[in-house]
Amino acid sequence: MISVAIMGHGVVGSGVAEILNTHKQKLFAAVGEEIYIKYILDLREFPESPFAQRFTKNFDDILSDREVRVVVETMGGLHPSYEYVKACLEEGKSVCTSNKELVAAYGAELLAIASQTNANFLFEASVGGGIPIIRPINQCLVANNVSEIAGILNGTTNFILTKMIRESMGFDDALKLAQELGYAERNPAADIEGHDACRKICILASLAFGRHIYPDAVSTEGITGITLSDVEYASVWGGVIKLIGSVKKLDKDTIDIIVAPMFVPGESQLSNIDDVFNGIMVRGDCTGDVVFYGKGAGKLPTASAVVADIIDSIKHLRSRKYLSWADSDNSSVLPAEKSVTAMYIRALSDDRAAAYDKTKAIFGDVHLLEKAGAPMTELAFITEPMPLYEIEQKAALLKSAGVSIASRIRIGDL
Ligand code: HSE
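Residues numbered from 1 in each chain as written. Predicted model: local features only at pLDDT ≥ 70, side-chain atom pairs only at ≥ 80, totals over all residues. Heavy atoms only, no water.

S.K.: What is the right way to read the pairing of strand S7 (residues 146-152) from this model?
M.R.: Regular strands show a simple pattern: their side chains alternate between the two faces of the sheet. Across the 7 residues of S7, 6 count as buried, placing the element largely inside the fold. Across 6 bridges, the pairing between S7 and strand S11 (residues 277-284) is antiparallel. Bridge pairing links Ile-149 to Val-282 in S11. Examined bridge by bridge, S7 and strand S9 (residues 239-251) share 4 bridges and lie antiparallel to one another. The partner of Glu-148 across the bridge, within S9, is Lys-248. (Buried < 20%, exposed > 50% of the residue type's maximum accessible area, 1.4 Å probe, protein only. Helix = DSSP H or I, 4+ residues; strand = E, 2+ residues; numbered from the N terminus. Pairing = 2+ DSSP bridges.)

Structure below.
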C-alpha cells in the first residue's frame, strides 16, 4: 500500500480523491498496490465526505509522516503552496500539482530541489487540464527541435468567446456560466486578463526550450476589450477570435512569446476548438505539426492528469524521471515591441472616406473589411505584417490625424 496526501480539497483536489476512490481497481492494476489517501489538507470542514476522518488542518502531519511518499498540491495560488511543496520535495516526497501559477513562478527551483532529493515534481495537469502535453513534449517529442508552440490554453476564455461568437451572448453572462461550471480560476481576472494562459505558455516554453521563462517577461493581453463588433469583423475576414498563447524560436538565443487575442483563420486547426476545449499545436522539425486537443479545464479532466502523475511518481519512487529546465534571467525573450505581426484595426472617424485615405497614406496597403450594417463612422482594416513598435507609431499618427482606434487585434500566423 502506498500512502498519499492531497493538499487542497477544491474542484481539482476533490476530483483527485474521487478518481482514486472510483478507479481503485484500475489504479491498483497500474501500480500493483493500493493507493491509500492518508491525509487531505484543507482548512474547511467536509463532514459529508467519504474521507471525512482523514482531513487535517495541519501541514506537519503530512510532512512528518514518512509513509507519505507522494503529495498532491491542488490548493492553487503561490502561498503557502510554494512553501509546502518545497518542504515536501526537500523531505524527498514526490509532488504532483495542477498549480500552473506555482510552476510558472518557481518551476526551475522546485525541479532543482527534486533533483537533489531524488524525488519527482510533476505537473501534467498544469497545462491543458486533461490533455496530455507535458509528457508528450518532454518524452514523445524529445527527438525534435521544437520551433513553435501555439495554443488555446484557457478554457474559460475559450468558453466565453465561443458564447460570444456562436450565440452573441454578453461577456458577463458567459463568464458567470463558466464560473458555475467550475472552469474559472478563483479570481477570474487570471482567466480573462490572460495571466492563466501566460503561465501555461511559460511552462511549455520552459519545457521546450530548456530555460525558465517567467510570466512577467511575457506581453499579455486578455479578452476584456473584445466586442461583438470585433467578433463580426473576424467572421467577415474569414476566421474567429481566440485567446492564443504562442512561443516561437527565432534563433538559438531568442524566443518570441506572447499571449493575446488573435484573429485565427478558418483553415487553422485552432479555429474550430470551441467551448472549454483547449488545443495546442507543437511544431517539431521531425514531426511537423502535432496538435493536442481536449478538455482544458474542469474537475475530472484535470484531476485525471494529476492521478496520472501520482501513478508515475509511484512507479518512479526510486528512479527520478528526467524532467527539468535551467533557471534564466529572461534575456532570451524578444522585446514585445519588436515582435512582427499583421494587425486588425477598427478605427472611428466622422469622415470615413477621409479616414481611409489617411490610413492608406500612413499604413500603406491595407485590407479593408466591409461589414453589413456597420456604422458609417467605422473603418476596419488589416495591416501588412510589421513590428509592433511600427504599428504603434502609425496608429499614433492616425490618431493625431483625427482617427481614433477602437480595437486592435493581432492576426495570428497559425
Ligand atoms: N481557469 C483555467 C481555465 C482552469 O479556464 O483554463 C484550467 O487551468
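Read on, since the account is not over.
S.K.: Would you take a moment to explain the packing of helix H5 (residues 100-117) against helix H10 (residues 195-209) for this structure?
M.R.: In a pair of packed helices, the angle between the axes and the distance between the axes together describe the arrangement. At a closest axis distance of 9 Å, the pairing of H5 and H10 adopts a crossing angle of 50 degrees. Judged on the interaxial angle alone, H10 and H5 are oblique. The way H5 lies across H10 gives a crossing that is left-handed. Note on element contacts: H10 touches H5 through Asp-196, Arg-199, Lys-200 and Ile-203, opposite Lys-100, Glu-101, Val-103 and Ala-104. (Axes fitted to C-alpha atoms, helices over the stretch in contact; angles between N-to-C directions. Parallel < 35°, antiparallel > 145°, perpendicular 65-115°, else oblique. Left-handed = near helix turned anticlockwise from the far one by under 90°. Contact = heavy atoms within 4.5 Å.)

S.K.: I keep staring at the site of the ligand and nothing clicks. Help me out?
M.R.: Near the ligand the following residues occur: Lys-100, Asn-154, Gly-155, Thr-156, Tyr-183, Ala-184, Glu-185, Asp-191, Asp-196, Lys-200, Gly-296 and Ala-297. Between the ligand and Thr-156 there is a distance of 2.6 Å, counted from an oxygen atom to a side-chain nitrogen or oxygen. A distance of 2.8 Å separates a nitrogen atom of the ligand from a polar atom in the backbone of Tyr-183. Taken together, the elements giving at least two residues each to the shell around the ligand come down to helix H7 (155-167) and H10. Residues that form the shell around the ligand fall into these classes: 3 nonpolar, 4 polar and 5 charged. (Near = heavy atom within 4 Å. Polar contact = N/O pair within 3.5 Å; in protein donor to acceptor, adjacent residues only side chain to side chain. Nonpolar A, V, L, I, M, F, W, Y, C, P; charged D, E, K, R; others polar.)

S.K.: I would appreciate a short explanation of the environment of Arg-66 in the present structure.
M.R.: By secondary structure assignment, the location of Arg-66 is in the loop between helix H3 (59-63) and strand S4 (68-73). A residue is classified by how much of its surface remains accessible, and Arg-66, at 76% relative accessible area, is exposed. Between the alpha carbons of Arg-66 and Glu-148 there is a distance of 43 Å; along the sequence they are 82 residues apart.

S.K.: Honestly, the side chain of Ser-14 in this entry has me stumped. Any pointers?
M.R.: In this fold, Ser-14 is placed in helix H1 (residues 11-22). Looking at Ser-14, the relative accessible area reads 15%, which means it is buried. A polar atom in the side chain of Ser-14 sits 3.2 Å from the backbone oxygen of Val-11. Once you skip the residues sitting within four places of it in the chain, Ser-14 turns out to touch His-9 and Lys-299.

S.K.: I tried to follow the packing of aromatic side chains on my own but got confused; where do I start?
M.R.: Aromatic ring pairs: the centre-centre distance and the angle between the two ring planes describe each pair. For the coordinates displayed, the defined rule picks out 11 aromatic pairs. On the basis of an interplanar angle of 55 degrees and a centroid distance of 5.4 Å, the ring pair of Phe-121 and Phe-123 is categorised as tilted. Each member of the pair, Phe-121 as well as Phe-123, is classed as buried. It is Lys-371 that lies over the ring of Tyr-233; its NZ or CZ is 4.9 Å from the centre. (Phe/Tyr/Trp six-rings, centres within 6.5 Å; stacked < 30°, edge-to-face > 60°. Lys NZ or Arg CZ within 6 Å of the ring centre and 35° of its normal.)

S.K.: Help me understand the pairing of strand S13 (residues 340-348) in this model?
M.R.: Counting buried positions over the 9 residues of S13 gives 7, a clear majority of the element. Strand direction decides the pairing type here: S13 and strand S17 (residues 404-411), joined by 7 bridges, are antiparallel. Looking at the pairing, Ala-342 lines up with Ile-411 of S17. Pairing of S13 with strand S15 (residues 378-382) involves 5 bridges; the strand directions are antiparallel. Residue pairing for S15: Tyr-344 is matched across the bridge by Ile-382.

S.K.: Teacher, can you tell me more about unusual backbone geometry here?
M.R.: Glycine aside, negative phi is the norm for most residues, and most peptide bonds take the trans geometry. Here His-79 and Pro-80 are connected by a cis peptide whose omega angle stands at 15 degrees. Along the chain, the position of Pro-80 falls in the loop between S4 and helix H4 (81-90). Of note, Asp-275 is a non-glycine position whose phi angle comes to about 55 degrees, a positive value. Tracing the sequence through the fold places Asp-275 in the loop between strand S10 (254-265) and S11.

S.K.: Got a minute to help me understand the state of the cysteines in this structure?
M.R.: Put plainly, a disulfide is one covalent bond tying together the sulfur atoms of two cysteines. Applying the stated criterion across every chain, the model contains 0 disulfides. Cysteine Cys-88 shares no disulfide, and the gap to the nearest cysteine sulfur, in Cys-96, comes to 11 Å. No disulfide involves Cys-140; its sulfur sits 14 Å from the nearest other cysteine sulfur, which is in Cys-286. (Disulfide = S-S within 2.5 Å.)

S.K.: Looking at this structure, how should I read the sheet that holds strand S1 (residues 2-7)?
M.R.: Strand pairing in a sheet takes place through backbone hydrogen bonds and is either antiparallel or parallel in direction. The 6 strands are arranged S3-S2-S1-S4-S5-S6 in an open sheet whose pairing can be described as parallel. Each edge of the open sheet carries a strand with a single partner, namely strand S3 (55-56) and strand S6 (121-122). Of the pairings in the sheet, the one linking strand S2 (residues 35-41) to S3 comprises 2 bridges and is parallel in character. Pairing of Ile-40 across the sheet is with Phe-55, part of S3.

S.K.: Quick question: what am I supposed to make of the packing of H1 against helix H12 (residues 299-315) here?
M.R.: Here H1 crosses H12 at 65 degrees, and the two axes come no closer than 8 Å. Considering how the two elements wind past one another, H1 and H12 form a crossing that is right-handed. In contact with Val-11, Val-12, Ser-14, Gly-15, Val-16, Glu-18, Ile-19 and Leu-20 of H1, H12 contributes Lys-299, Leu-300, Thr-302, Ala-303, Ser-304, Val-306, Val-307 and Ile-310.

S.K.: Please clarify how the environment of His-23 should be interpreted in this entry.
M.R.: As for its position among the elements, His-23 is in the loop between H1 and helix H2 (24-31). Judged by relative accessible area, His-23 falls into the partly exposed class, the value being 38%. Through-space distance from the C-alpha of His-23 to that of Val-290 is 30 Å; in sequence the pair is 267 residues apart.

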